[in-house]
Amino acid sequence: MRSSLLAASALLALSLPAAAEEFQFAPDDSPLYLRLSTGASFLFLPEVNSFGGVTDTAPYFFIANPDESYAMKAAGFGGAATLGVNLDEAGVDFLSASRFEGTVHGYSVSDRDSRTILGGPGAYYDVIGVQGFLVSGVTSPGDPVLFHVKGEAEQIAGDMMLLWDYGPDSGLGRFTFGLGATGGYSAASYDASYPEDEPGFHTIEKARTNFVGPQASIDFALPLAERTTLYLGAKVAGLYMDGDLDARNTNGGATVQQTRDSENWFAVQGTLSAGIEFDLWGAAVAKIGAEGTYLSGAPQIENPQADPGTFVNANYYGTSQLGHDGAWSGQVMVSVSFALFGP
């Protein structure tokens, strides 16, 4: 009996250091803190349905609709900077919140794609312009067309969040609830070219979007050891999106056709995240984390297309226009938090 009690006491003692420790991260120990993050960003945008290519066996009689659809799958650099105020440590009572954080974050990514389009025997390859009319024939009968697309995207955004911490000294974990707002600017640009046949010809399109809306979050922090904490989080935002499109065909740098479109819509954005934080020294900590985001209404460019056996005219096919569809993005980030002032 005595040995059983001793074994149980030993197991309890081994479990106490991780369970009883306070969370070892900078916001708990400083009224003002700074968090800097950097890492890789990934973006998967909606498909651009066509860049306007068709083939024909007689002037303007089309027998095929070449597959020129392109969906940007881009990778690049991302970063963020957060300035936080620990309201408890600063002695400020605002809606009983624990902390306030303001964050500026963004990314810049790029992607390149090439493919060969084959026309039928004796077929010409023609390009439908962004206004729905043919621009030119860019290949001789039966020759393949080497089709290039360069895609680039960027975003700069800001968040303002009030945070409420519950159970910060509990070994069972701590929940943090957040309410606030997010907003920013994003852009996606596409440059399609046919350099082997007509070096000066490009279809250049750029979709720009401003967005703003309320945001809510929930995070769970679990101490794994005296200096290590596991974080799991979820965030959702309702966004008003205001977008515009500039689409043009150029030849030798000169604009041949050009059209613009503007749209506004509502979208929902959801994010799941996970990370592990390590106490470095004093009131400085490092965190390794990853997150994935789904946006229900990312901008999508819809270009004119020609059906087999038809003629091209702007009244039937219309012009390039702006729509929207779902998109995914992700980040793998390393961050360091510093206490700007001591307790």
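What counts as what
- Residues numbered from 1 in each chain as written.
- Predicted model: local features only at pLDDT ≥ 70, side-chain atom pairs only at ≥ 80, totals over all residues.
- Heavy atoms only, no water.
- Helix = DSSP H or I, 4+ residues; strand = E, 2+ residues; numbered from the N terminus.
- Buried < 20%, exposed > 50% of the residue type's maximum accessible area, 1.4 Å probe, protein only.
- Areas by Shrake-Rupley, 256 points an atom, 1.4 Å probe, with all protein chains shown as cover.
- Pairing = 2+ DSSP bridges.
- Patch = residues over 30% accessible without salt bridge, like charges linked within 9 Å, V, L, I, M, F, W, Y side chains within 5 Å.
- Salt bridge = Lys/Arg side-chain N within 4 Å of Asp/Glu carboxyl O.
- Contact = heavy atoms within 4.5 Å.
- Polar contact = N/O pair within 3.5 Å; in protein donor to acceptor, adjacent residues only side chain to side chain.
- Core = buried A, V, L, I, M, F, W, Y, C linked by side-chain atoms within 4.5 Å.
- Phe/Tyr/Trp six-rings, centres within 6.5 Å; stacked < 30°, edge-to-face > 60°.
- Lys NZ or Arg CZ within 6 Å of the ring centre and 35° of its normal.

S.K.: Help me out: how do you make sense of the overall build of the protein chain in this one?
M.R.: Within the protein chain, the secondary structure is distributed over three helices and 14 strands. Here the protein chain holds 343 residues, and the buried ones make up 42% of them. Surface summary for the protein chain: the accessible area is close to 16400 Å², and the carbon and sulfur share equals 61%.

S.K.: Explain the pairing of strand β12 (residues 254–281) here, please?
M.R.: Across a regular strand the side chains alternate sides, sitting on one face of the sheet and then on the other. Examined bridge by bridge, strand β11 (residues 228–251) and β12 share 24 bridges and lie antiparallel to one another. The partner of L230 across the bridge, within β12, is I276. Hairpin connection, β11 to β12: the antiparallel pair is bridged by two residues, and G252 has positive phi, about 65 degrees. Summarising the sheet, β12 and strand β13 (residues 284–302) pair through 12 bridges and their orientation is antiparallel. Paired with W281 across the bridge in β13 is A284.

S.K.: How do you make sense of a nonpolar patch on the surface when you look at a structure like this?
M.R.: Judged by side-chain polarity, L36, L83, L224, I276, F278, L280, W281, I288, V334, F338 and L340 come together as a nonpolar surface patch covering roughly 950 Å² of accessible area. At the level of elements, β12 and β14 (321–339) are the ones that each hand at least two residues to the nonpolar patch. Residue contributions to the nonpolar patch peak at four residues, all from β12. Tracing the chain through its elements places L36 in strand β1 (residues 32–48).

S.K.: I tried to follow the pattern of salt bridges on my own but got confused; where do I start?
M.R.: When their charged atoms lie close together, side chains carrying opposite charge are able to pair. Throughout the structure, instances matching the rule amount to six salt bridges. Of the charged contacts in the structure, one is a salt bridge between E101 and R35, with a shortest N-O distance of 3.4 Å. Here R35 lies in strand β1 and E101 lies in strand β5 (residues 99–117), a separation of 66 residues in the sequence. Judged by its relative accessible area of 12%, E101 is buried.

S.K.: How should I be thinking about the environment of A221 in this particular structure?
M.R.: Tracing the chain through its elements places A221 in strand β10 (residues 201–225). For A221, a relative accessible area of 2% translates into the label buried. In this structure the C-alpha to C-alpha distance between A221 and G275, which are 54 residues apart in sequence, comes to 9.6 Å.

S.K.: In this structure, what is going on with the environment of Q257? I would like to understand it.
M.R.: Positionally, Q257 belongs in strand β12. The buried category is assigned to Q257, whose relative accessible area is 8%. With 125 residues separating them along the chain, Q257 and G132 place their C-alpha atoms 9.3 Å apart. Discounting residues that sit within four places of it in the chain, Q257 has contacts with G129, V130, Q131, G132, F133, L134, V135, A247, R248 and N249. Within polar-contact distance, the side chain of Q257 engages the backbone nitrogen of Q131 at 3.0 Å.

S.K.: Any chance you could explain the nonpolar core here in plain terms?
M.R.: Most often, soluble globular proteins keep nonpolar side chains buried together rather than apart. In this structure, L45, F51, M72, A153, Y190 and M241 are the most contacted members of the largest nonpolar core, which totals 31 residues. The element that contributes the greatest number of residues to this core is β11, accounting for five residues.

S.K.: Would you take a moment to explain the packing of aromatic side chains for this structure?
M.R.: Aromatic rings in a pair are described by how distant their centres are and how their planes are angled relative to each other. All told, the structure shown has six aromatic pairs when counted by the stated rule. Seen from their ring centres, Y70 and Y190 are 5.9 Å apart, and the 85 degrees between their planes marks the pair as edge-to-face. A residue pair is termed long-range when its members are at least 10 positions apart, and Y70 in strand β4 (residues 70–86) and Y190 in strand β9 (residues 174–193) qualify at 120 residues. Just as Y70 is buried, Y190 falls in that class too. When the centroid spacing of 6.4 Å and the interplanar angle of 15 degrees are considered together, the rings of F175 and F177 count as stacked. On the basis of relative accessible area, F175 is assigned to the partly exposed category, the value being 40%. An aromatic cluster is defined as three or more aromatic residues linked by ring pairs; in this entry it consists of Y166, F175, F177 and F220. If you follow K287 out to its NZ or CZ, it ends over the ring of Y231, 4.4 Å from the centre.

S.K.: Explain the environment of G76 here, please?
M.R.: The topology assignment puts G76 in strand β4. A residue is classified by how much of its surface remains accessible, and G76, at 30% relative accessible area, is partly exposed. Remark: the alpha-carbon pair of G76 and D111, spanning 35 residues in sequence, is separated by 9.0 Å. When sequence neighbours within four positions are dropped, the list of residues in contact with G76 reads G39, A40, S41, S108 and V109.

This is a description of form; function is not addressed.
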